[in-house]
Amino acid sequence: MTRLFLALAFIVLPLAALSTASPAYADESACAGSYYDQSGFEFFTPELRYVPPPLRVAAWDCAVRDADRPFGLDTGSAVEYTLVYADVDFDVVVRIARAFEEQGWLTNFAAITSIDTGEGMQNSVLYSADQLAALDSPPLFAGGRFGNAATNHDIISLSYADGDAYTTNGGAFTTPSLVIDVALTEAFAGDGIADPSVLSGLKSIGDVAVTPAGAAAVGGTAVVLTLVIGYPGSLLNSVIGPRYDQFVERMRKRRAARRSKSAGAGGTGSAVPDQAGTPARSRLFGWLFVPGLLIASVISGFVDPSFGLNAMSARLLVTAFLSLLVFNVAAWFLVRVIMRRRHPDAVATVKFRWGSLILVTVAVLIARLLEFHPGIIFGLVAGLVFATTMSKAKNAMVVILGTGFGLAVALLAWVGFSVVAPIAAGAPGNLLLVSASEFFSAVTIEGIASLPLALLPLLALDGHKLFDYNKWLWLLCYVIGLLAFMLVLLTIPNSWGEIDGDFVRWIVLFCVFGVVAVAVWAIHTVFERRKAAATAQRVPG
């Protein structure tokens, strides 16, 4: 029961941090100095019912409205406001245009009707999302104005500018920016059971366009970041690893003492060998495995800014639970079967890793703080526990098989999402389709996003076992994991000169980890040397 209460305590962190944090769709500092950062306008957080579903696929930096004008459909006038995306990737424009197309807004029309690709302004053109994605480089300008073809209501006007040849907001932005003016005469469902969550924002296979220069940038970045993580990670582990081992040993002795006391009082303990001498399956798998997944699902739900007491959140919770269950059981069952065939003495049980709740929480906080969409869900919350002590080689094999099968399951789910998501987007309100689409999305994110965290060479993480066995093998596995992470979840740059947006944020995050790791090791080394010198002075000569 102690473990269960400790696990429940981890929910407090995301609840406290996210319930009091500013909305995910807001970085008002990015809009400082713009046309709207003056009297007459005010920043605000639009209610989800006033945000057209196609505009929910990407985070904006600020939303502004006329400070002197009544706001809301109950005022008898249209709802008008502006969304500003500062320092935006053109991929965001493509995603928004595609969302409007898939959700029936642009029948026989297009989101972009004016564009300058470097050869002069072209007006009265129709550029589809596919045509925008096929451009060799982002245009200097792209704009359009359209309504909802399905209802003949509402007006959307968007303008993208490169910040050099063209600018938005009176030249306030010197980097690529996007401004979308919204005028609505109807409200939209936002938290109904069939409304899409942030998981629907995963890009499909068709949205990935990798140029040779982009492939080189991604590959080179993966190798460099792996080196940035590897050596500093091992230094950090040399500091905190021994302390972690001491903590684990103390906890093991306490549990052994409790079992001995229970056995002395006539108890049976938590696992009793059968008559053949083979350890029976631990009761932990029987009644705490499912609650563990449920806790992880609740924490993961906060990856969506609208997660709370509503029908959409209930469906998201069910989706997260089922995806975690299928992902972990499928991956580890296959590993268990293979290990049993290769090593008949390797009797293993799939158990929930309670320490993984820390990583689940950290992943959600990173996604929310970095405004990363469609979010990060740490999926490897279970693992195999063997009845006998395993050698380093066997432990490394388990790690490789587990992460490998997890990656394979995630990529298969990505294929499923790429097939179902366009159908679901074209049929708003269809509960079965949105549930299937987001289930595939969740499995994909869980498998892909887990790799950079699970393979860190720290403490009891799988990466430490692999790093301890063979550093070159760890290097290869981590590079593969990072490549998959960048390909599926990040915006792929077209060249080294176009590395920006979420790609840059993740590079910075990895570099910060490396710097912090080295700093902790250096400080620890200095203190240890001073301690050793002081001890030597106290020892009689």
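Preceding block: the structure.
Here the structure is a predicted model, which is why all the values come from computation and not from measurement.

Asks: Would you mind going over the sheet that holds strand S3 (residues 79-85) with me for this structure?
Replies: The strands making up a sheet are joined through hydrogen bonds of the backbone, oriented either antiparallel or parallel. In space, the eight strands of this open sheet follow the order S1-S2-S3-S8-S7-S6-S4-S5, with antiparallel pairing throughout. Edge strands, defined here as strands with exactly one partner in the open sheet, are strand S1 (41-44) and strand S5 (121-122). Both strand S2 (residues 62-66) and S3 contribute to a ladder of three bridges, which runs antiparallel. Pairing of Ala 63 across the sheet is with Leu 83, part of S3.

Asks: Would you mind showing me how to read the packing of aromatic side chains here?
Replies: Throughout the structure, instances matching the rule amount to 10 aromatic pairs. Relative to Tyr 81, the ring of Phe 44 lies with its centre 5.8 Å away and its plane at 80°, an arrangement referred to as edge-to-face. A residue pair is termed long-range when its members are at least 10 positions apart, and Phe 44 in strand S1 and Tyr 81 in strand S3 qualify at 37 residues. Across the pair, exposure class does not vary: Phe 44 and Tyr 81 are buried alike. Judged by centre distance (5.7 Å) and plane angle (85°), the rings of Tyr 50 and Phe 71 are edge-to-face. Here Phe 71 lies in the loop between S2 and S3 and Tyr 50 lies in the loop between S1 and S2, a separation of 21 residues in the sequence. Three or more aromatic residues joined by ring pairs make a cluster, and in this case those are Phe 44, Tyr 50, Phe 71 and Tyr 81. In this structure, Arg 65 is placed above the aromatic ring of Phe 71, and the distance from its NZ or CZ to the ring centre is 4.8 Å.

Asks: I keep staring at unusual backbone geometry and nothing clicks. Help me out?
Replies: Excluding glycine, residues mostly carry a negative phi; peptide bonds, for their part, are mostly trans. In the Ramachandran plot, Ser 124 falls in the positive-phi region, its phi being about 55° despite a non-glycine side chain. The phi dihedral of Asp 154 is positive, around 70°, even though this residue is not glycine. Relative to the assigned elements, Asp 154 resides in strand S7 (residues 153-161). The exposure class assigned to Asp 154 is buried, which follows from its relative accessible area of 6%.

Asks: When you look at the pattern of salt bridges in this model, what are you seeing that I'm missing?
Replies: Oppositely charged side chains are able to pair whenever their charged atoms sit close together. Evaluated as defined, the whole model comprises four salt bridges. Here Glu 438 and Arg 315 are joined by a salt bridge, their closest N and O atoms 2.9 Å apart. Of this pair, Glu 438 sits in helix H11 (residues 431-454) while Arg 315 is found in helix H8 (residues 311-342), placing the two residues 123 residues apart along the sequence. With relative accessibility at 0%, the residue Glu 438 sits in the buried group.

Asks: I would appreciate a short explanation of H11 in the present structure.
Replies: Turn by turn, an α-helix covers 3.6 residues, leaving residues three or four places apart pointing in a common direction. Compared with the 34 Å implied by 1.5 Å per residue over 24 residues, the 33 Å span of H11 between its first and last C-alpha is a close match. Most of H11 sits inside the fold, with 18 of its 24 residues counted as buried. Between the side-chain oxygen at the start of H11 and the backbone nitrogen of Leu 432 there is a gap of 3.2 Å, and the oxygen is on Asn 430.

Asks: Sorry if this is basic, but what is going on with a nonpolar patch on the surface here?
Replies: Taken together, Val 504, Val 508, Val 512, Val 516 and Val 520 make up a surface patch of nonpolar side chains, about 340 Å² in accessible area. You can see Val 504 is positioned in helix H14 (residues 501-538). Judged by relative accessible area, which is 31%, Val 504 ranks as partly exposed.

Asks: What is the right way to read the nonpolar core from this model?
Replies: Among the nonpolar cores identified, the biggest contains 62 residues, and Ile 448 and Leu 489 are the most heavily contacted of them. Residue assignment for this core shows that the elements contributing at least two residues are helix H7 (289-301), H8, helix H9 (356-369), helix H10 (392-425), H11, helix H12 (462-469), helix H13 (471-489) and H14. The element that contributes the greatest number of residues to this core is H13, accounting for 11 residues. Discounting residues that sit within four places of it in the chain, Ile 448 has contacts with Leu 407, Ala 410, Leu 411, Ala 484, Phe 485, Val 488 and Leu 489. With 40 residues, the next largest nonpolar core counts Phe 44, Leu 55, Leu 83 and Tyr 85 among its residues.

Cut-offs used in this document
- Residues numbered from 1 in each chain as written.
- Predicted model: local features only at pLDDT ≥ 70, side-chain atom pairs only at ≥ 80, totals over all residues.
- Heavy atoms only, no water.
- Pairing = 2+ DSSP bridges.
- Helix = DSSP H or I, 4+ residues; strand = E, 2+ residues; numbered from the N terminus.
- Phe/Tyr/Trp six-rings, centres within 6.5 Å; stacked < 30°, edge-to-face > 60°.
- Buried < 20%, exposed > 50% of the residue type's maximum accessible area, 1.4 Å probe, protein only.
- Lys NZ or Arg CZ within 6 Å of the ring centre and 35° of its normal.
- Salt bridge = Lys/Arg side-chain N within 4 Å of Asp/Glu carboxyl O.
- Expected span 1.5 Å × (residues − 1).
- Polar contact = N/O pair within 3.5 Å; in protein donor to acceptor, adjacent residues only side chain to side chain.
- Patch = residues over 30% accessible without salt bridge, like charges linked within 9 Å, V, L, I, M, F, W, Y side chains within 5 Å.
- Areas by Shrake-Rupley, 256 points an atom, 1.4 Å probe, with all protein chains shown as cover.
- Core = buried A, V, L, I, M, F, W, Y, C linked by side-chain atoms within 4.5 Å.
- Contact = heavy atoms within 4.5 Å.

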